[in-house]
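Residues per chain, in single letters:
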Amino acid sequence: FKKLTISDALSTKALGSNIRIQGWVRSVRSQKEHLFLHVNDGSSLQPLQVVASHDLNDRGLTFGSAIDVSGSLEKSPSGKQNVELHAKQIQVTGKCDPTEFPFKIKERHSLEYIRQFPHLRCRTNVFSALLRVRSEATSAIQSFFKDNGFIQIHTPVITSNDCEGAGELFQVEPASRDKQQDERDPHYFSVPTYLTVSGQLHLEVMAGAFPAVYTFGPTFRAENSQSRRHLAEFYMVEAEISFTESLEDVMTVMEHLFKASTEHVLTHCAEDVELFHKFVAPGHRGQVDLMLSRKFNVISYTEAIDILNRSSQIFTFPTKWGCDLQTEHEKYLVKHCGNIPVFVTDYPYDLKPFYARDNQDHPRHTAAAVDLLVPGVGELCGGSLREERLEILRSRIIQAGMEDAYEWYLQLRQFGSVPHGGFGMGFERYLQCILGVDNIKDVIPFARFSHSCLL
Ligand code: 4AD
Ligand code: MG
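In the annotation of an unreviewed UniProt entry, the protein chain is listed under the name asparagine--tRNA ligase and assigned to Clupea harengus. For the record of the protein chain, the UniProt heading Sequence similarities (unreviewed entry) holds the text "Belongs to the class-II aminoacyl-tRNA synthetase family."

As C-alpha cells, then:
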C-alpha cells in the first residue's frame, strides 16, 4: 500500500492501485450495504470518499477522528467524485468525541465562531482553504520578486530603530536577568531594542549595494485599535529599488506585484479561492477580476482632499488639507474610483516619516510618498521615495532630535548615495482584499492583537 496524500489520491494517477491514506473524518454515512466516509488531510479542499464494509466499522469512526486507511483506489460510480477508496483496513489513530468537538458535522460555522478555537480551526474547510491560499500567495510573492531580479534580504526582527517613528513599539528585554547586571547596564543589548515595525531601513542599507531587494517577514506594532485591519503581529512584504527618481517606478512594482500574485493564486488555488467567493464573500470574484483587468488609478493627496470635500457623505474625521486619511476616507476614495485600486500620492510632508523625500514645493509642502488603497480594506501598501540628499535628511533628523541613533543612516547618503524608493504591503490585508474577508484575524494562522495572545 503506497502512502498518498488525499490530493494525490484524488488526481486519479493512482487509479487501480493499492494505496494508504491518513487524515481526519469529515463525514460518516452508514448505508445498507456499505459505510461511506469522507476523509480529508488538508492537502485539498475535496475530501476522498472511502467505501468500507460494515465489519470494518469501529465505534471510533466519528466526525473529527484521525484515521489510517488502506485499500484500492477505484473509479467512483457516482458522478460526484472521480475516485473512491475501497477500504481493506481502517485504523482509528486518534478518537474524537463529536459531542464535545466544537465543530459539528455538515455545519457551516462562521469565521467568527471558529476564531474562538485557534488550536482547532485549521480542521475546518474554510480555514484549511485559507491556509493553502496563504501558502500559495507566499510562493507567488517570492516568485514575483525572483522573476524580477530582486534579492531577498532577511532583515532583523530585533532592532534598535523605530522606522515609522509612530511610537508603536514593543520593547525587547530578557524575561529575567541578573540584578547586578541590571544596575550596571539596564538593557540586554546595552541600548533599548524593539520588535521591528518595518524592515525598510535595513533594506535601504542593501539598496546601497544591489539594484533591488525585498524582505517578507513578521512585523510588530503595539496598535491600540481593535479594528478589522490591524494586528499586533502581521506579515509585511517590503521592496526597495535603487537608482530610481520617480514614484511611478515604485507604483509600477506595487501594481505588478498585486496583479501577478493574484493571478497566480487564482490559478493555483482555484477551488480554495472559490470557496471564499461563494460562501464568505458572495460575488467577490467579480471585484477581483475588475481589479486585475483595469489599470490602477492615480490621484494626488490634494485631489483626494478635494474629492472628499465635494462629497455629500458626512465623515467622522475632518477632511482638511493636512489631515491624515482615515479608513472611511480611503474607502470613499476607492468607491469614487469605481472600486478600482487607487494610488494616492504626495502627502503633506509633515504627515510622513523622516525618510520620505521632500518635494520642496510651496505653499503646500509635500513628500514623494504614496499609499495604495483597495476596495474593502483601504490602505494596502505604503511607500515613498527616500530622502537621498544628505543635508536635507540631516536637518530633518536633527529637527526630530534623532541624530545620534541615525548616524549610520546619514552615512548611507555620504558614501555613494543613490536616489531610491520602496514600499511595504501588508500581507494579511492583501489576503483580505483578494478573498473578501472582512476581519484580518481570519486570514492569519494565529492572530495577535491587544488583549489577545491565545496559544
Ligand atoms: O504604511 P506602513 O506603516 O509603511 C511602512 O512600514 C513602510 N516602512 C514600508 C516601506 O516603505 N518599506 O505599513 C505598510 C503596510 C500598510 O500599508 C498596511 O497594509 C500594513 O503594512 N500594516 C498593517 N497590517 C496589519 N496590521 C497592522 N497593524 C498594520 N500596520 C500596517
Ligand atoms: Mg501607511
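(A) Local environment of the overall build of the protein chain. Within the protein chain one finds 13 helices and 16 strands. In terms of overall dimensions, the protein chain has a C-alpha envelope of 85 × 65 × 40 Å along the principal axes. Taking as baseline every contact in the protein chain between residues at least 6 positions apart, the subset at least 24 positions apart corresponds to 67%.

(B) Broad picture of the site of ligand 1. The environment of ligand 1 is made up of 22 residues, and the closest members are S198, Q200, G382, G424 and G426. Only β11 (233–242), β15 (378–385), β16 (420–426) and α13 (427–435) provide two or more residues apiece to the shell around ligand 1. In terms of residue count, the dominant contributor to the shell around ligand 1 is β15 (5 residues). For the shell around ligand 1, the residue count by class is 7 nonpolar, 8 polar and 7 charged.

(C) Focus on the nonpolar core. In this structure, V133, M254, L380, M425 and L431 are the most contacted members of the largest nonpolar core, which totals 89 residues. In terms of residue count, helix α3 (residues 125–147) provides more of this core than any other element does, 10 residues in total. For M254, the residues in contact, after removing those within four places along its chain, are L372, C381, G383, F423 and M425. Counting residues in each nonpolar core, the second largest holds 20 residues, with I21, V50, L61 and A87 among its members.

(D) Local environment of the sheet that holds strand β12 (residues 297–300). With mixed pairing, the 8 strands of this open sheet are ordered in space as β7-β10-β11-β16-β15-β14-β13-β12. A single partner strand is all that each edge strand has here, and the edge strands are β7 (151–152) and β12. Sheet topology note: the β15/β16 ladder contains 5 bridges and is antiparallel. Following the sheet pairing, L385 is matched in β16 by G421.

(E) Spotlight on the domain arrangement of the protein chain. Segmentation of the protein chain into domains returns domain 1 (2–101) and domain 2 (122–442). Computed from C-alpha atoms alone, the centre-to-centre distance between domain 1 and domain 2 is 44 Å.

(F) Expanded view of helix α7 (residues 270–280). Of the positions making up α7, those classed as buried are D272, V273, F276 and H277. Along the long axis of α7, the arc covered by the buried residues comes to 135°, so they all point the same way. Among the exposed residues of α7, those oriented more than 90 degrees off its buried face are A270, E271, K278 and F279. Buried positions along α7 lie against α3, α6 (247–268), α8 (284–293) and α13.

(G) Region of the structure containing the environment of Y430. Positionally, Y430 belongs in helix α13. What makes Y430 buried here is the crowd of 25 C-beta atoms within 10 Å. When the C-alpha atoms of Y430 and L454 are compared, they prove to be 24 Å apart, with 24 residues separating the residues in sequence. Apart from the residues within four sequence positions on either side, Y430 is in contact with L380 and M425.

(H) Representation of the pairing of strand β4 (residues 48–53). In this sheet, β4 lies alongside strand β3 (residues 34–40) in antiparallel orientation, the contact comprising 6 bridges. Note on β4: the bridge partner recorded for L37 is V50. As paired strands, β4 and strand β6 (residues 83–94) are joined by 3 bridges and run parallel to one another. Looking across to β6, one finds that V50 is bridged to L85.

(I) The arrangement of the confidence of the model for the protein chain in detail. In this model, the protein chain carries a mean pLDDT of 95, and residues with pLDDT of at least 70 account for 100%. The ipTM, which scores confidence in the relative placement of chains, is 0.99 for this predicted complex, and the corresponding pTM is 0.97.

(J) Up close: the pairing of strand β10 (residues 212–220). In terms of burial, β10 is largely enclosed, as 7 of its 9 residues are buried. With 2 bridges connecting them, β7 and β10 associate as parallel partners. Across the sheet, Q152 pairs through a bridge with Y214, a residue of β10. Both β10 and β11 contribute to a ladder of 9 bridges, which runs antiparallel.

(K) Highlighting the packing of α3 against α6. Two elements in contact, α3 and α6, have axes whose closest approach is 9 Å; the angle formed by their N-to-C orientations is 135°. In terms of orientation, α3 lies oblique with respect to α6. As α3 runs across α6, the sense of the crossing is right-handed. The segment α3 lies against α6, with V133, E136, A137, A140, I141 and F144 engaging L257, A260, S261, H264, V265 and H268. Its residues assigned to classes, the contact of α3 with α6 shows 8 nonpolar, 3 polar and 1 charged.

(L) Region of interest: unusual backbone geometry. Of note, the amide linkage connecting H362 to P363 takes the cis form, showing an omega dihedral of 0°. Positionally, P363 belongs in the loop between β13 (342–345) and β14 (369–374). Positive phi values are uncommon outside glycine, yet F243 reaches one of about 55°. With respect to the helices, strands and loops of the structure, F243 is situated in the loop between β11 and α6.

Rules and cut-offs
Residues numbered from 1 in each chain as written. Chains lettered and ligands numbered in written order. Predicted model: local features only at pLDDT ≥ 70, side-chain atom pairs only at ≥ 80, totals over all residues. UniProt positions renumbered as here; feature names shortened; annotations may be inferred. Helix = DSSP H or I, 4+ residues; strand = E, 2+ residues; numbered from the N terminus. Contact = placed C-beta atoms within 7 Å. Near = placed C-beta within 6 Å. Nonpolar A, V, L, I, M, F, W, Y, C, P; charged D, E, K, R; others polar. Core = buried A, V, L, I, M, F, W, Y, C linked by C-beta atoms within 7 Å. Buried ≥ 20, exposed ≤ 12 C-beta atoms within 10 Å, placed from the backbone. Pairing = 2+ DSSP bridges. Domains from an automatic or database assignment. Arc of directions from axis to C-beta. pLDDT = per-residue confidence, 0-100. Axes fitted to C-alpha atoms, helices over the stretch in contact; angles between N-to-C directions. Parallel < 35°, antiparallel > 145°, perpendicular 65-115°, else oblique. Left-handed = near helix turned anticlockwise from the far one by under 90°.

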